[in-house]
Structure formats: C-alpha cells, structure tokens
Amino acid sequence: MSTQTRDRVVEGPLSVVVRPGSDAAAVYRSAVLAPGFGAEPSLDLRYFGGRTLPDLRYMLVYLDGWPTHGRTDLDHALAAAMRDPDLNNVLAQYFPSAQVTATFAGSLVHDGAVPDRVDRTWVETLAGQLGDGSSLMCILLPPGAVLADGDVDSQHGLGGYHGSVHTGSSDRYYSVAVYSDGDNGIVAFDEPWKNVCATLYHELQETRTDPDVEDAIRQGSAPGADKLLGWYSPRGGEIGDIPMSEANGDIGLVMKEVPLADGSGTVPIQLMWSNAVGGPEGPIPQPHQPK
C-alpha cells in the first residue's frame, strides 16, 4: 500500500498497530477515498501549464434582495472552510511549491435591480464593474433569480459558475451562485445559505486550480488554448466538477457538513477531487506538532 501525508509518502506494507483517530494513525494513514466511490485514476487532474492561485483573496457580494438572515452564517462558514488546514491539505497536492491560503476580504450588499433570469453577459458586466481586480468577487443572486448559461439554467440543475473578465490591463475573476432553495439551484442541506456555501466552496477551489478556464473556452480549438488551463481532467473537467458527476445524482455523497480542524464546529462544503486517491476526498488531519 502507499500511505500519503502532506510531508511524506510511506511506501509498502505497514507493520504497526495504531489507535484509530490518534496522531499516530494520522501519520500512517492512507489518503481516504470518500465512502460510496471507487478509485478512478483515469479521471485524475493534469497540469496543463496555466495559471493557478494558491493564495486566493475573495469578497462576497450580496445582490439586492438577499435575505439578511444567513449572511453572517455564510460569511463565517465559507471563511472558516477556505482557511481550514485539514481541507487545504487536500488542495496542497496541486501546489507542491506553495502554501495554500485564502483571505476573506469581507462582504457587501450591492443595490440595483436583478433580472428574473440572469445570464452570463449580465454577470460579467457586473463583475467588470465591481472592485479593482485585487479580489475575486463572489456574486450571490437573491431568492427567485434564475441563473442561465446558454441553454442551461438553475431550474434544471445549475448551481453557479466561475470565470474571468478583462478590463483594460486588469484580470478580474468572479464566481456566481444561485440562492439554492426549492426547485432552483442545488439543494443539499436544510438551509439555503448552506447550499450557497457549498456551491461557493466548489467555485473558489476551481478558481484556485484553474482560474483561466474561460479564456481557454473562448479560444476554442486555437493552437495553445489548452495551455491556459491549470489543473484539469481531460475526461472529467475541473476539481469540483468530477465528484459531482461521479456521484450520479446522489449529491449527499459529496456535499457534506465536515468538522473544522480547530474543533469549532462544522461547515457545509463539497468534497474535491483528489489525485492521491483517484476520487473525492474529505479533510486530511495532520499530526499535532510537539510544543
């Protein structure tokens, strides 16, 4: 067997006995494939040479009509998930020479009418107007607003997406998320803000690992277009897309409330694809360092 931790890989059979859940077990543990999945290494992500963002700065933008209740919970939970060391240990394999970090730049309410049906042109126009390019802008649609991307919309399974806008010399990254409730968006939890949190976690991790995918899509079959991709699976898509596809409709296999490393509670996220196990993987605890 091969046992992988952030710092080392232990090859071959093990001759130790350890207490489950102990620090020793964490050192010798294998990377754990999420329950309900078999390893599918043919779907693994491949690095194509494009930009990646190990240090991500982001801001939440609540559009007019987003309920006051839930904002504080979402602000707190997403920030906690994005900085959690056990969750970031899963991402670390894609950034071997850089530490994975995230900075929450705060949230704001953006006034202005929101159309009943929001398309990519509307989203990208707003993204180009927001901020100065220093932070990824997470655009949060209010209840009832339907998100569309071509012929696909949030009343038929779309939860959100991420992309980029070029304004002068500035590259502005954005993500957009539906207020997932009822028959709109992706509903996996008992409260809409939790659904939004998991969607944003998905989009932010994809932005970390593959920020310029939209530029690659725009270039289509042009020579060198694939070199704009960061980590991408030729057979499965991006780091968050593959687990959702492999869940075969049972989203509870990948959208979960997981414990935070500091013991302060749980956060609603979506499990990401891990090349280390050839499938979705939950948080990877690391041994406590001696004082």
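For the structure given in this document, a descriptive report is provided here.

### Remarks on empty space enclosed by the protein
For the coordinates displayed, the defined rule picks out one cavity of 30 Å³ or more. For the largest cavity, the calculated volume is near 40 Å³. If you go around the largest cavity, the residues you meet are Leu 87, Val 90, Leu 91, Tyr 201, Ile 269, Gln 270, Leu 271, Met 272 and Glu 281. Take the lining of the largest cavity: its biggest share by element is three residues, from helix H3 (residues 85-91). Residue composition of the lining of the largest cavity, by class: seven nonpolar, one polar and one charged.

### Re the side chain of Arg 172
Positionally, Arg 172 belongs in strand E11 (residues 170-177). Look at Arg 172: it is buried, it has no salt bridge, and the nearest opposite charge is Asp 132 at 6.7 Å. From its side chain, Arg 172 meets the backbone oxygen of Gly 128 in a polar contact 2.7 Å long. When residues no more than four places from it in sequence are discounted, the contact partners of Arg 172 are Ala 127, Gly 128, Gln 129, Leu 130, Gly 131, Asp 132, Gly 133, Gly 163, Ser 164, Val 165 and Thr 167.

### What to know about the sheet that holds strand E10 (residues 160-167)
Overall, mixed pairing links the five strands, which are arranged E5-E4-E7-E11-E10 in an open sheet. At either margin of the open sheet sits one strand with a lone partner, and together these are strand E5 (101-110) and E10. Averaged over all pairs of adjacent strands, the angle between strand axes in this sheet comes to 25°, irrespective of strand direction. Of the pairings in the sheet, the one linking strand E7 (residues 136-140) to E11 comprises four bridges and is parallel in character. The partner of Cys 138 across the bridge, within E11, is Ser 175. Strands in contact with helix H2 (residues 71-83) are strand E4 (55-63), E5 and E7; relative to E4, the strand with the most contacts, it is inclined by about 165°.

### Structural notes on the nonpolar core
In this structure, Tyr 58, Leu 60, Leu 74, Leu 78, Leu 140 and Val 267 are the most contacted members of the largest nonpolar core, which totals 54 residues. Look past the residues within four positions of Leu 78 in its chain and what remains in contact with it is Tyr 58, Leu 60, Cys 197, Leu 200, Tyr 201 and Leu 204. Ranked by size, the runner-up nonpolar core spans 20 residues in total, among them Val 118, Val 123, Ala 127 and Val 176.

### Observations regarding unusual backbone geometry
One non-glycine residue, Asn 248, adopts positive backbone phi at about 50°. If you trace the backbone, Asn 248 turns up in the loop between helix H7 (241-246) and strand E13 (255-259). Note on Asn 248: relative accessible area 70%, which makes it exposed.

### What about the pattern of salt bridges?
By the definition in use, this model includes nine salt bridges. A salt bridge links Glu 257 to Lys 194, with the shortest nitrogen-to-oxygen separation between them at 3.2 Å. Placement of the pair is Glu 257 in strand E13 and Lys 194 in helix H5 (residues 192-209), with a sequence separation of 63 residues. Overall, the relative accessible area of 10% leaves Lys 194 in the buried class. For Glu 214, the salt bridge goes to Arg 218, with nearest N and O atoms at 3.1 Å. Linking Glu 214 with Arg 218, this pair stays in helix H6 (residues 213-219), spanning four residues, or about one helical turn. Using a relative accessible area of 7% as the deciding quantity, one classes Glu 214 as buried.

### Digging into the packing of aromatic side chains
Using the criterion set out here, one finds five aromatic pairs in the structure. A ring pair is formed by Tyr 58 and Phe 104, whose centres lie 5.4 Å apart and whose planes are at 25°; its orientation type is stacked. With Tyr 58 in strand E4 and Phe 104 in strand E5, this pair connects stretches of sequence that are 46 residues apart. By relative accessible area, which is 29% here, Phe 104 ends up partly exposed. Feature note: the residues Tyr 47, Tyr 94 and Trp 231 constitute an aromatic cluster, connected by ring pairs. Over the aromatic face of Tyr 62 sits the side chain of Arg 71, whose NZ or CZ is 5.6 Å from the ring centroid. The positively charged end of Arg 120 is found above the aromatic ring belonging to Tyr 161, 4.1 Å away from the centroid.

Definitions and limits used
Residues numbered from 1 in each chain as written. Predicted model: local features only at pLDDT ≥ 70, side-chain atom pairs only at ≥ 80, totals over all residues. Heavy atoms only, no water. 1 Å grid on protein atoms, 1.4 Å probe; cavity = no way out; pocket = protein on both sides within 12 Å on 5 of 7 lines; lining within 4 Å. Points joined across faces, edges and corners; volume = space filled by probe spheres on them. Helix = DSSP H or I, 4+ residues; strand = E, 2+ residues; numbered from the N terminus. Nonpolar A, V, L, I, M, F, W, Y, C, P; charged D, E, K, R; others polar. Buried < 20%, exposed > 50% of the residue type's maximum accessible area, 1.4 Å probe, protein only. Lys, Arg positive; Asp, Glu negative; His and termini not counted. Salt bridge = Lys/Arg side-chain N within 4 Å of Asp/Glu carboxyl O. Polar contact = N/O pair within 3.5 Å; in protein donor to acceptor, adjacent residues only side chain to side chain. Contact = heavy atoms within 4.5 Å. Pairing = 2+ DSSP bridges. Axes fitted to C-alpha atoms, helices over the stretch in contact; angles between N-to-C directions. Core = buried A, V, L, I, M, F, W, Y, C linked by side-chain atoms within 4.5 Å. Phe/Tyr/Trp six-rings, centres within 6.5 Å; stacked < 30°, edge-to-face > 60°. Lys NZ or Arg CZ within 6 Å of the ring centre and 35° of its normal.

Honestly, it's all geometry; don't read function into it.
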